[in-house]
Amino acid sequence: QVQLVESGGGLVQPGGSLSLSCAASGRIFSIYNMGWYRLAPGKQRELVARITSVGTPTYADSVKGRFTISRDNAKNTVSLQMNSMKPEDTALYYCNALIELASRRRGEYWGQGTQVTVSS
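Being a predicted model, the structure only gives us computed values, none of them experimental.

Participant: Explain unusual backbone geometry to me, using residue names and the numbers behind them.
Facilitator: Residue Ser-84 is not a glycine yet carries a positive backbone phi of 45°. Along the chain, Ser-84 falls in the loop between β8 (77-82) and β9 (91-101). Exposure remark for Ser-84: the relative accessible area of 42% places this residue in the partly exposed category. Not every positive phi belongs to a glycine, and Arg-104 is a case in point at roughly 80°.

Below is the structure:
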């Protein structure tokens, strides 16, 4: 029905930058909030950033001023620009979206995850 496909993860040095993208596809009528979560070893999953359908962002305190979330409603995509990265940003990053299908059913969908590693 709906797929969220992430891209852009990888290895980056401390202080470096990385960009993640997520594209939603399927029988989509409308997409409400879109966001990025991350899961690090030994930690609980946490919200990194979220953006509403009209472009209002919310950030975790740990990434404010370093990460920027954006979306393209025409393309059903959400992106995360990560700057000044730190080793503690290392995690599996998941795309998340609240989607209304063509059938008018709403559901929360997740991508498969993309690994981000910050290390020298």
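Picking up after the structure, the text goes on.
Participant: Summarise the sheet that holds β8; cite the residues concerned and give the values.
Facilitator: Taking strand neighbours across the sheet as the criterion, the 4 strands line up as β1-β3-β8-β7 in an open arrangement whose pairing is antiparallel. Each end of this open sheet is capped by a strand with a single partner; those strands are β1 (2-7) and β7 (67-72). Direction aside, the axes of adjacent strands within the sheet are offset by 15° on average.

Participant: How would you explain the side chain of Thr-114 if you had to name every residue and give the values?
Facilitator: Secondary-structure assignment places Thr-114 in strand β11 (residues 114-118). A polar contact is formed between the side chain of Thr-114 and the backbone nitrogen of Gly-9, at a distance of 3.3 Å.

Procedures and definitions
Residues numbered from 1 in each chain as written. Predicted model: local features only at pLDDT ≥ 70, side-chain atom pairs only at ≥ 80, totals over all residues. Heavy atoms only, no water. Helix = DSSP H or I, 4+ residues; strand = E, 2+ residues; numbered from the N terminus. Buried < 20%, exposed > 50% of the residue type's maximum accessible area, 1.4 Å probe, protein only. Pairing = 2+ DSSP bridges. Axes fitted to C-alpha atoms, helices over the stretch in contact; angles between N-to-C directions. Polar contact = N/O pair within 3.5 Å; in protein donor to acceptor, adjacent residues only side chain to side chain.

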